[in-house]
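# Commentary on secondary and tertiary structure
One letter stands for each residue in the lines below.
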Amino acid sequence: MGGATPDAPDAPDAPDVIVVGGGVIGLVTAWRAAQRGMSTAVVDPRPGGGAAEVAAGMLAAATELHPGEEPLLDLALASAARYPAFAEELAQAGGADIGYRPCGTLVAALDADDRALLRELHALQRRCGLAAEWLGGRECRRLEPMLAPGVRGGLLVDGDHQVDPRRLLAALLTACERAGVVFHRERAATVAVSRGRATGVGLADGRELPAGQVVLAAGCRSGEVGGLPPGLLPPVRPVKGQVLRLRMDPAAPTLSRTVRAVVRGGQVYLVPRADGELVIGATSEEAGWDTAVTAGGVYQLLRDAHELVPGLTELPLTECRAGLRPGTPDNAPLLGPGGLPGLLLATGHYRNGVLLAPVTGEVMAEALATGELPALARPFGAERFSGARAEALT
Ligand code: GLY
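Residues numbered from 1 in each chain as written. Predicted model: local features only at pLDDT ≥ 70, side-chain atom pairs only at ≥ 80, totals over all residues. Heavy atoms only, no water.

A few words on the layout of surface pockets. Within this model, the second largest pocket holds a volume of roughly 270 Å³. Leu65, His66, Leu117, Leu121 and Gln267 are the residues nearest the centre of the second largest pocket, which is lined by 14 residues in total. Of all elements in the fold, only α3 (112–127) and β14 (258–263) reach the threshold of two or more residues within the lining of the second largest pocket. Among the elements that make up the lining of the second largest pocket, the one with the highest residue count is α3 (5 residues). (1 Å grid on protein atoms, 1.4 Å probe; cavity = no way out; pocket = protein on both sides within 12 Å on 5 of 7 lines; lining within 4 Å. Points joined across faces, edges and corners; volume = space filled by probe spheres on them. Helix = DSSP H or I, 4+ residues; strand = E, 2+ residues; numbered from the N terminus.)

Right, here's the structure in full:
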């Protein structure tokens, strides 16, 4: 078909779109672009990886609401609302269930300070028109009997669900392949720029893959790609999260819904899957590119999770991993035109890559096809950092 590709390179075999990055955001963008009739390729040495491979998969629009991040809420809610249909469509297109589980979330408080923080979250949720019910400690334990007797109260958020990010990635890979997306399992070193326009991608071995439009969707590595003027590099940084996986008896699961808490000011969450996996996360560390699992990280997660659900120490510990979230200065993603003709951004989703996948695929396909971002994504254009970007260019 050819999307909005004015002045596209003259290479006859060049795809309409090339996506740099085969994580959840790159794959969903490629899939939706291919569905719109654009010939599409993805460049990634290991597509189906990235931060989502480690993530717990909470769809936490209301429970991860932070003061000052209200502009993100509309986008997050729009994406959460798309999840049931998205999961169904992907189960068909990707040939596998993605583990979407509409189970709700309970946020518990263990002491008076944690309870005060939860009261603040509840007030913010109410100001934003979100449904959340305040429960006493006994009501929390009635819903989740394995909670510690010390739980003092909590917030029941029926609208915050979960999905299995590894199943999601696998289904997106298959859906992309079935839609004709071509995979280059190589590292993109540069965005090729010619006469003031992005014209393709340069590989580490020096070869160039021409394309009509280039989408930079390389997560926290999006700011590292060569070829672009420094002022156009997206301001993303790695934010490390260590995550543990335990195994429950699926016939007698330890928890029936996502449970999270603030423990001595730190966040911990436990995400129980229908197949018996229990994911505990996550640390939040400004540690550069380090992905080591540390004794301190594992200790902190197990200590806090154990305080909340003492019985979990009986469960087998099956995995400890660390991932790198793509953080941005305002914790919101960068979507749409990237400041150079032919260049688009889909990056910087920080804590919300899995949650924002459905809406990101949709708005990026629209931007690729028409050159315009839909209204709900416009607050997240790259130009909001244009002051800093222009400064960097001078
Ligand atoms: N959204 C969960 C996390 O980033 O840890």
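Back to the text.
Inspection of the entire model under this criterion finds 23 salt bridges. The partner of Asp164 in a salt bridge is Arg273, and the shortest N-O contact between them spans 3.5 Å. With Asp164 in the loop between β7 (161–162) and α5 (165–178) and Arg273 in the loop between β15 (266–272) and β16 (277–281), this residue pair connects regions lying 109 residues apart in the sequence. We classify Arg273 as buried; its relative accessible area is 4%. For Glu319, the salt bridge identified is with Arg166, shortest N-O distance 2.6 Å. One end of the pair, Glu319, is in strand β17 (residues 317–327); the other, Arg166, is in helix α5, and 153 residues separate them in sequence. Residue classification places Arg166 among the partly exposed residues on the basis of a relative accessible area of 26%. Overlapping salt bridges, with partners in common, bring together Asp164, Arg166, Arg167, Arg245, Arg273, Asp275, Glu277 and Glu319 in one network. (Salt bridge = Lys/Arg side-chain N within 4 Å of Asp/Glu carboxyl O. Buried < 20%, exposed > 50% of the residue type's maximum accessible area, 1.4 Å probe, protein only.)

All right, on to the side chain of Asp164 then. By relative accessible area, which is 6% here, Asp164 ends up buried. In this view, Asp164 contacts Ile98, Gly99 and Arg273; residues no more than four positions away in its chain are not counted. (Contact = heavy atoms within 4.5 Å.)

With that settled, the discussion passes to the sheet that holds β17. Read from one edge to the other, the open sheet built from 8 strands follows the order β5-β6-β4-β14-β15-β16-β13-β17, with strand pairing classed as mixed. Where the open sheet ends on each side, the last strands, each with one partner, are β5 (133–136) and β17. Across the sheet, the axes of successive neighbouring strands diverge by a mean angle of 20°, strand direction being ignored. Where β15 and β16 come together, 4 bridges link them in antiparallel fashion. The residue of β16 that forms the bridge with Leu270 is Ile280. (Pairing = 2+ DSSP bridges. Axes fitted to C-alpha atoms, helices over the stretch in contact; angles between N-to-C directions.)

Ranked by internal contacts, the top residues of the largest apolar core, which has 55 residues, are Trp31, Tyr83, Leu90, Ile98, Leu168 and Val215. Considering every element that reaches this core, the biggest residue donor is helix α2 (residues 70–93), with 10 residues. Every residue in contact with Ile98, bar those within four places of it in the chain, is listed here: Tyr83, Phe86, Ala87, Leu90, Val163, Asp164, Arg167, Leu168 and Ala171. Residues Leu147, Val151, Ile280 and Leu301 belong to the second largest nonpolar core, which totals 26 residues. (Core = buried A, V, L, I, M, F, W, Y, C linked by side-chain atoms within 4.5 Å.)

A few words now on the packing of aromatic side chains. The geometry of an aromatic ring pair is captured by two quantities: the separation of the ring centres and the angle between the planes. In total, this model carries 3 aromatic pairs according to the counting rule given. Centroid distance Trp31 to Phe86: 6.1 Å. Interplanar angle 65°. Geometry classified as edge-to-face. Residue Trp31 is located in helix α1 (residues 24–35), and its partner Phe86 is located in helix α2; the two are separated by 55 residues in the primary sequence. Per residue, the accessibility class of Trp31 equals that of Phe86, and both read buried. Taken together, a centroid distance of 5.4 Å and an interplanar angle of 75° make the contact between Tyr83 and Phe86 edge-to-face. On the criterion of helical spacing, the pair formed by Tyr83 and Phe86 is a turn pair, its members being 3 residues apart in helix α2. (Phe/Tyr/Trp six-rings, centres within 6.5 Å; stacked < 30°, edge-to-face > 60°.)

Take the packing of α2 against helix α7 (residues 357–370) next. Between α2 and α7, the shortest axis-to-axis distance is 7 Å and the interhelical angle comes to 95°. On the basis of their axis angle, the class for α2 and α7 is roughly perpendicular. Residue-level contacts link Leu75, Ala78, Ser79, Arg82, Tyr83 and Phe86 of α2 to Ala357, Pro358, Val359 and Glu362 of α7. (Parallel < 35°, antiparallel > 145°, perpendicular 65-115°, else oblique.)

Once that is clear, we can look at unusual backbone geometry. Cis geometry marks the peptide bond from Gly281 to Ala282; its omega dihedral reads -25°. Counting through the fold element by element, Ala282 comes out in the loop between β16 and α6 (295–308). Even without a glycine there, the phi angle at Asn331 is positive, about 65°. Within the secondary structure layout, Asn331 lies in the loop between β17 and β18 (334–337). For Asn331, a relative accessible area of 19% translates into the label buried. Of note, Tyr350 is a non-glycine position whose phi angle comes to about 50°, a positive value. Considering the arrangement of structural elements, one finds Tyr350 in the loop between β19 (343–347) and α7.

Summarising the element assignment, His161 is placed in strand β7. For His161, a relative accessible area of 14% gives the class buried. In contact with His161, not counting residues within four places along its chain, are Gly57, Met58, Leu59, Tyr100, Arg101, Pro102, Cys103 and Gly104.

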